[in-house]
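# Structural overview
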Amino acid sequence: MPTIRQLPPGVVNKIAAGEVVERPASVVKELLENAVDAGANRIDVTVIKGGSELIRVVDTGCGISTNQLSLAVASHATSKIQDADDLFKVATMGFRGEALASISEVSRFRLKSRVKDADEGAELVVDGGILQPVQPCGMPAGTVVEIRDLFFNTPVRRKFLRTPQTELGHVTEAFNRIALAWPNVHFRLIHGQRVIHDLSAVDDWRDRVIAIFGNELSDVLIPITGEANQMQLSGFVADPVYSRSHTRMQYLLLNGRFIRDRALQHALAESYRGLLLTGRYPVCFLRIDIPTDWVDVNVHPTKLEVRFQDSGQIYRHMLNTLRSKFLSTDLTARIGSSSHSHDEVSSEIAPSLAVGRSTQLQTESPHGLPWNSAPAESPSFAPKPLDETHPEWTPTNRFVDSDRIAVAPQPPAESNRSESESGLESVNFEPKQSPPSGLQLLNRYLVAEDESGIVVIDQHALHERVLYEALRDRVINSKLERQPLLVPEMIDLRPEEHAAVMQARELLAELGIEVEDFGGDTVVVSSYPAILGQISAETLLRQAIESLLNGNGHLERRDLLDELLHMMSCKAAVKAGDRLSQEEVEALLSQRHLCQDAHHCPHGRPTALIFTPEELDRRFQRT
Ligand code: ADP
Ligand code: MG
């Protein structure tokens with residue numbers, strides 16, 4: 001019969017630590033919350049090796065008196081609540097009294113503190129849960145917490161730590177969330193010798209948002225305020241032109257606490273309905289302030305999720321406030337245009353960048369069309385130039401590249417053997433005698449006749465599929481052409497973006513995107529995939545970063561590669577709404593049979609609908 005035992009405190013604390021301390025970023029979060037609760041007006045965070053070697057948080061808060069120092073690291077010891085009723089009026093960030101106990105259990109921990117009117121401070125060292133005697137020490141008023149060798153005594157946990165860059169990304173995110181919530185506190189984040197953020201105290205929240213998330217936001221923030229029945233909503237939402245492919249840029253602060261809440265995210269999405277393309281998500285920095293007893297913050301170990309007494313009421317308040325703001329804001333100019341997302345806006349700006357770059361491309365492409373990085377060697381499907389009726393028309397139209405990469409350079413008959421070794425046989429084909437004729441309708445569908453009946457094709461989805469397969473083939477066979485940039489492009493990133501890029505450098509290089517570290521959070525892009533010549537290197541890299549961050553470091557290399565290929569083909573493909581010339585229609589249709597799966601775009605949506613003669617006869621009641 002199994003024996004039931006009371007676990008020793010060390011084990012209990014390790015179990016608790018498992019909930020609270022997942023990685024260095026969790027430690028940073030807890031320590032920052034403590035410093036904020038202590039009323040500090042200045043907080044400095046230093047980390048080394050993404051926090052796995054050292055995390056130090058120095059604050060100017062109220063401090064801890066010497067005789068309380070060892071209580072601070074005891075479990076379930078807190079100065080913030082007294083009884084269970086207090087759990088429903090939590091006005092501080094912390095209240096569980098678990099953080100310091102948990103952290104000091106799984107690290108080499110040092111706590112130094114001095115209250116204002118004390119003559120000196122005191123220091124407490126805890127080594128993997130074992131307390132050393134408290135020692136006096138000299139220091140200014142405030143508190144210093146130092147954590148070294150996190151998880152040194154829990155090797156399994158330590159094994160789960162990612163690269164310093166990845167951990168730094170998480171640390172930065174934890175830092176951003178708290179620094180965002182407390183604009184009147186001066187925050188600093190330092191990694192090794194590098195200052196990542198130095199955010200002086202500001203009166204205007206907008207200044208803090210921009211200081212953290214970058215100047216690019218300054219033109220797109222729409223101020224929001226709305227008060228109703230003790231609920232106060234304030235902050236900013238981003239103009240629909242600035243959106244993301246994920247919800248991570250949705251910062252909701254409930255009574256100063258960063259939270260994730262499905263209902264509120266839904267309210268946000270709902271308010272943007274019709275303003276964003278599918279798959280794009282709003283960006284926001286919103287504070288919601290409600291009476292503390294309307295919400296239970298004690299439902300999640302790291303307090304990331306909360307439970308509202310009446311979430312419907314808050315949902316409606318948020319939706320109404322945002323909707324009426326949008327109604328009174330002139331967004332029409334943008335809504336009318338085909339692109340609502342940030343990256344697509346940058347591709348609208350891209351022509352100027354592209355022109356700059358095409359100077360160099362012109363040496364190869366006499367027509368200077370940035371899409372075309374080299375003359376078409378295989379004219380099989382490149383439409384022939386017309387005549388004076390189309391003086392603007394150039395033979396190197398936008399499908400030429402996909403022809404080039406999809407078609408083996410030699411005539412199909414000869415190429416079979418040599419190319420099959422490299423796996424290119426899947427794209428070898430006999431050109432059809434006469435390319436299928438088709439027409440474009442509604443600027444987005446191609447209609448053609450083939451042996452199965454009438455085919456209606458989504459032009460974007462098909463082009464995307466064609467490009468995707470061609471790109472994939474090229475990458476698998478290491479045949480993707482790089483286009484070196486004459487003037488390498490410098491791109492300023494956020495720390496976590498920088499971390500993600502540096503970690504994926506090799507992968508990006510395989511895709512033709514060569515990136516180097518330039519110091520700080522700046523990188524230099526020195527080449528990009530030739531086939532994507534019409535997209536600016538910056539747009540491409542930023543898109544890639546979104547894919548990288550989306551995977552959250554959990555994606556297998558192969559999946560990540562696939563994701564990036566999808567992204568690149570999607571970006572490079574013609575869009576719904578693009579008017580195609582007859583030649584382009586023909587060129588695109590003629591590539592249909594090159595796809596292994598011509599019926600679905602890489603996202604799985606159908607690329608084509610087929611109306612068989614039987615179906616049509618039936619509908620016209622001929623049968
Ligand atoms: P909690 O924050 O939930 O109370 P912690 O384990 O994080 O639990 O901290 C325990 C106690 O230590 C806090 O209640 C607070 O009184 C004290 N404390 C921790 N960090 C600081 C700090 N930076 N400045 C002042 N007091 C602190
Ligand atoms: Mg705490």
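Here the residue numbers are simple positions, counted from 1 along each chain's written sequence. Chains carry letters from A onward and ligands carry numbers from 1 onward, assigned in written order. Local features are withheld for residues below a pLDDT of 70 in this predicted model, meaning they are given only at 70 or higher, and side-chain atom pairs are given and counted only at 80 or more; totals for whole chains, interfaces and linings count all residues. Computation of side-chain values: all heavy atoms of the structure, hydrogens and water removed.

### Concerning the sheet that holds strand 22 (residues 522–529)
Hydrogen bonding along the main chain pairs the strands of a sheet, whether they run parallel or antiparallel. The rule for pairing is simple: two strands pair if DSSP sees at least two bridges between them. The helix count covers DSSP runs of H or I at least four residues long, the strand count covers runs of E at least two residues long, and both are numbered beginning at the N terminus. Strands sit in the order 20-22-21 across an open sheet of three strands; the sheet is antiparallel. Two strands lie at the open edges of the sheet, namely strand 20 (482–492) and strand 21 (514–517), each paired on one side alone. Shown here is a sheet whose adjacent strand axes are inclined to one another by a mean of 20 degrees, direction ignored. As paired strands, strand 20 and strand 22 are joined by seven bridges and run antiparallel to one another. Residue pairing across strands places Pro484 opposite Ser527, the latter belonging to strand 22. Residue contacts follow a heavy-atom distance rule, with two residues in contact if any of their heavy atoms lie within 4.5 Å. Comment: axis = line fitted to C-alpha atoms, over the contacting stretch for helices; angle = value between 0 and 180 degrees taken between N-to-C directions. Of the strands in this sheet, strand 21 and strand 22 are in contact with helix 15 (residues 495–503), which crosses strand 21 at around 120 degrees.

### Details of the pairing of strand 22
Along any regular strand, the residues point their side chains to alternate faces of the sheet. A 1.4 Å probe rolled over the protein chains alone gives each residue an accessible area, and that area as a share of the maximum for its type sets the label: buried under 20%, exposed over 50%, partly exposed in between. The buried fraction of strand 22 is high, at eight of eight residues. Note that strand 21 and strand 22 share four bridges and pair antiparallel. Across the sheet, Glu514 pairs through a bridge with Ser527, a residue of strand 22. Hairpin geometry of strand 21 and strand 22 is characterised by an intervening segment of four residues between the two adjacent antiparallel strands and by a positive phi of about 95 degrees at Gly519.

### Topic: the packing of aromatic side chains
Where two aromatic rings form a pair, the distance of their centres and the angle of their planes describe that pair. A pair of Phe, Tyr and Trp rings is counted when the ring centres sit within 6.5 Å of each other, with Trp represented by its six-membered ring. The angle between the planes then sorts it: under 30 degrees is stacked, over 60 is edge-to-face, the rest tilted. Under the definition given, this model contains seven aromatic pairs. Where Phe213 meets Tyr251, the ring centres are 4.8 Å apart and the plane angle is 50 degrees; that geometry is what we call tilted. Remark: Tyr251 occurs in strand 12 (residues 250–254) and Phe213 occurs in helix 7 (residues 205–213); sequence separation between them is 38 residues. Accessibility assignment for this pair places Phe213 and Tyr251 in one class, buried. Three or more aromatic residues joined by ring pairs form one cluster here, namely Phe213, Tyr251, Phe258 and Phe285. Lysine and arginine charges are scored as sitting over a ring when NZ or CZ, respectively, is within 6 Å of the ring centre and within 35 degrees of the ring normal. Directly above the ring of Phe152 sits Arg108, whose terminal nitrogen or CZ lies 3.9 Å from the centroid. Taking the ring centre of Trp205 as reference, the NZ or CZ of Arg287 above it sits at 4.7 Å.

### Thoughts on the site of ligand 1
The near set for a molecule or strand comprises every residue that places at least one heavy atom within 4 Å of it. Within the structure, ligand 1 sits among 18 residues, and Asn34, Thr78, Ser79, Lys80 and Gly97 are positioned closest to it. N or O atoms closer than or at 3.5 Å make up a polar contact, with two conditions inside protein: a donor-capable atom paired with an acceptor-capable one, and, for residues adjacent in sequence, both atoms drawn from side chains. Interatomic distance of 2.8 Å between a side-chain N/O atom of Asn34 and an oxygen atom of ligand 1. Lys80 places a polar side-chain atom, nitrogen or oxygen, 2.7 Å from an oxygen atom of ligand 1. The method behind every accessible area is Shrake-Rupley, applied with a 1.4 Å probe, and residues are considered shielded solely by the protein chains displayed. For ligand 1, whose unbound accessible area comes to 530 Å², protein coverage reaches 92%. The classification used treats Ala, Val, Leu, Ile, Met, Phe, Trp, Tyr, Cys and Pro as nonpolar, Asp, Glu, Lys and Arg as charged, and all other residues, Gly among them, as polar. Across the shell around ligand 1, the residue classes break down as seven nonpolar, seven polar and four charged.

### Considerations on a nonpolar patch on the surface
Patches were defined on residues exceeding 30% relative accessible area and lacking a salt bridge, with like-charge contacts within 9 Å and nonpolar side-chain contacts (Val, Leu, Ile, Met, Phe, Trp, Tyr) within 5 Å. Just to be clear on terms, a salt bridge is a Lys or Arg side-chain nitrogen sitting within 4 Å of an Asp or Glu carboxyl oxygen. Together, Leu7, Val11, Val12 and Ile15 give the surface a local cluster of nonpolar side chains, amounting to about 320 Å² of exposed area. Mapping Val12 onto the fold places it in helix 1 (residues 9–20).

### Topic: helix 2 (residues 24–37)
With 14 residues, helix 2 extends 20 Å from end C-alpha to end C-alpha; this agrees with the ideal 20 Å at 1.5 Å per step. Of the residues trailing helix 2, Gly39 is marked for its positive phi of about 80 degrees. The length a helix should cover is 1.5 Å for every residue beyond the first.

### Let's talk about the pairing of strand 9 (residues 194–199)
Relative to strand 9, strand 8 (residues 186–191) is paired through five bridges, and the arrangement is antiparallel. Residue pairing across strands places Phe187 opposite Leu199, the latter belonging to strand 9. Turn length for the strand 8-strand 9 hairpin, with the two strands adjacent in sequence and antiparallel, is two residues, and the turn residue Gly192 shows positive phi of about 60 degrees.

### Here we look at the side chain of Glu30
Among the secondary structure elements, Glu30 is positioned in helix 2. Non-local contacts of Glu30, meaning those with residues more than four positions away in its chain, are made with Val20, Ala99, Ile103 and Lys303.

### Considering the sheet that holds strand 12
Reading across from one edge, 10-11-14-12-13 is the order of the five strands in this open sheet, with mixed pairing throughout. Each having just a single partner strand, strand 10 (221–228) and strand 13 (257–259) make up the two edges of the open sheet. Sheet twist, expressed as the average angle between the axes of neighbouring strands with direction ignored, equals 20 degrees. Strand contacts of helix 9 (residues 311–327): strand 10, strand 11 (231–238), strand 12 and strand 14 (284–289), with the helix running at about 135 degrees to strand 10, the strand carrying the most contacts.

### So, the pattern of salt bridges
Summed over the entire model, instances satisfying the criterion amount to 31 salt bridges. Of the charged contacts in the structure, one is a salt bridge between Arg110 and Glu123, with a shortest N-O distance of 2.2 Å. Of the two residues, Arg110 is situated in strand 3 (residues 108–114) and Glu123 in strand 4 (residues 121–127); the sequence distance between them amounts to 13 residues. Exposure remark for Arg110: the relative accessible area of 33% places this residue in the partly exposed category. Judged by its relative accessible area of 15%, Glu123 is buried. A salt bridge links Glu514 to Arg482; the nearest nitrogen and oxygen atoms lie 2.8 Å apart. In this pair, Glu514 is assigned in strand 21 and Arg482 in strand 20, connecting sequence segments 32 residues apart.

### With respect to the nonpolar core
Working definition of a nonpolar core: buried Ala, Val, Leu, Ile, Met, Phe, Trp, Tyr and Cys residues. They are joined through side-chain atoms within 4.5 Å. By size, the foremost hydrophobic cluster in this structure holds 64 residues, and its most contacted members are Phe187 and Phe285. Domain boundaries shown here were taken from an automatic or database domain assignment. Taken domain by domain, this core gets at least three of its residues from each of domain 1 (9–201) and domain 2 (214–327). In this structure, Phe285 is in contact with Leu180, Trp205, Val209, Phe213, Leu217, Leu221, Ser234, Gly235, Phe236, Met249 and Tyr251, ignoring residues within four places of it in sequence.

### Some remarks on the packing of helix 8 (residues 262–271) against helix 9
Running from N to C, helix 8 and helix 9 point in directions that differ by 20 degrees, and their axes come no closer than 9 Å. One element, helix 8, and the other, helix 9, form an angle in the roughly parallel class. Here helix 8 runs over helix 9; the crossing is right-handed. Note on element contacts: helix 9 touches helix 8 through Ile314, Tyr315, Met318, Leu319, Leu322, Arg323 and Phe326, opposite Ala263, Leu264, His266, Ala267, Leu268, Glu270 and Ser271. Among the residues forming the contact of helix 8 with helix 9, the class breakdown is 10 nonpolar, two polar and two charged. Angular relationships are summarised with four words: roughly parallel below 35 degrees, roughly antiparallel beyond 145, roughly perpendicular across 65 to 115, and oblique for the angles in between. Here a crossing is called left-handed whenever its near helix is offset anticlockwise from the far helix by less than a right angle, and right-handed whenever the offset is clockwise.

### Focus: the packing of helix 2 against helix 6 (residues 164–181)
Remark: helix 2 packs on helix 6, axes separated minimally by 8 Å, with the N-to-C direction vectors making an angle of 25 degrees. Our classification of the angle between helix 2 and helix 6 gives roughly parallel. Read as a crossing pair, helix 2 and helix 6 show a hand that is right-handed. Counting all contacts with helix 2, which are made through Pro24, Ala25, Val28, Lys29, Leu32, Glu33 and Val36, the residues of helix 6 involved are Glu167, His170, Val171, Ala174, Phe175 and Ile178. Looking at the contact of helix 2 with helix 6 residue by residue, the class counts come to nine nonpolar, one polar and three charged.

### Looking at unusual backbone geometry
Despite not being glycine, Gln230 has its phi angle at roughly 65 degrees, a positive value. Among the secondary structure elements, Gln230 is positioned in the loop between strand 10 and strand 11.

### Quick notes on the confidence of the model for the protein
How sure the predictor is of each residue is captured by pLDDT, a score from 0 to 100. Here the protein averages 79 in pLDDT, while 80% of its residues score no lower than 70. Across residues 332–433 the pLDDT falls below 50, and counting only partners more than four positions away or on other chains, this stretch makes 177 contacts in the model.

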